[in-house]
Amino acid sequence: MSFTTILLLLAYAIIIWYLVSRFLPVKGLENLKTDQFKERVNQKSRVLLIDVREPHEYKAGHIPSAVNIPLSQLDNRAKEISSKNDILLYCRSGMRSKQAAKILKKHGIPQMAHLQGGFITWNGPTKKK
């Protein structure tokens, strides 16, 4: 086997690993459609709604009552989140909220839900900061 072939196989393996790890479901994470997400936001008093987008995205428009903890800061700020709350996550498209769930799971949060498709699918009230 030539060196080029080995490099190509390695590159394919890395790409496959990346795609599988990025798109596989996260254990303990519920995928909620917009209407289901709205119900959860509105029905429970112990809901912690977390917007994991960056501050400039949050300021441009967010779901009322959402707390902004950017994905880039989540590992350091995870202690601010209690598993006694119903944890609801969202981002722009749903990818960062899945990554956020993986981080929170490592910090001992066993159950969470996220807005499938992210904020771009949200048709409820929004607030600008």
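Our structure is the block above this text.
Heads up: these notes are all about the structure in this document.

Basis of the calculations
- Residues numbered from 1 in each chain as written.
- Predicted model: local features only at pLDDT ≥ 70, side-chain atom pairs only at ≥ 80, totals over all residues.
- Heavy atoms only, no water.
- Buried < 20%, exposed > 50% of the residue type's maximum accessible area, 1.4 Å probe, protein only.
- Helix = DSSP H or I, 4+ residues; strand = E, 2+ residues; numbered from the N terminus.
- Arc of directions from axis to C-beta.
- Contact = heavy atoms within 4.5 Å.
- Patch = residues over 30% accessible without salt bridge, like charges linked within 9 Å, V, L, I, M, F, W, Y side chains within 5 Å.
- Areas by Shrake-Rupley, 256 points an atom, 1.4 Å probe, with all protein chains shown as cover.
- Salt bridge = Lys/Arg side-chain N within 4 Å of Asp/Glu carboxyl O.
- Pairing = 2+ DSSP bridges.

**Details of helix α2 (residues 34-43)**
Stage number 1. Thr-34, Phe-37, Arg-40 and Val-41 are the residues of α2 that are buried. What you see down the axis of α2 is that its buried residues fit within an arc of 125 degrees, all on one side. Residues of α2 that are exposed and angled more than 90 degrees away from the buried face: Glu-39, Asn-42 and Gln-43.
Stage number 2. Residues of α2 that are buried make contact with β1 (29-32), β2 (47-51), β4 (86-90) and β5 (112-115).

**Here we look at a nonpolar patch on the surface**
Stage number 1. Together, Met-1, Ile-6, Leu-8, Leu-9, Tyr-12, Ile-15, Ile-16, Trp-17, Tyr-18 and Leu-19 give the surface a local cluster of nonpolar side chains, amounting to about 1,100 Å² of exposed area.
Stage number 2. Along the chain, Tyr-12 turns up in helix α1 (residues 3-23).

**Some points on the sheet that holds β5**
As a general point, the strands of a sheet are linked pairwise by backbone hydrogen bonds and lie either parallel or antiparallel.
Stage number 1. Read across the open sheet, the 5 strands follow the order β1-β5-β4-β2-β3; overall the sheet is parallel. Since the sheet does not close on itself, it has two edges, and those belong to β1 and β3 (67-68), each with one partner.
Stage number 2. Looking at chain direction, β2 and β3 are connected through 2 bridges and run parallel. Its bridge partner lying in β3, Ile-50 is registered against Val-67.

**Regarding the pattern of salt bridges**
Stage number 1. Within this structure, the stated rule accounts for 5 salt bridges.
Stage number 2. A salt bridge links Arg-53 to Asp-51; its shortest N-O distance comes to 2.7 Å.
Stage number 3. Assessed through its relative accessible area of 4%, Arg-53 is described here as buried.

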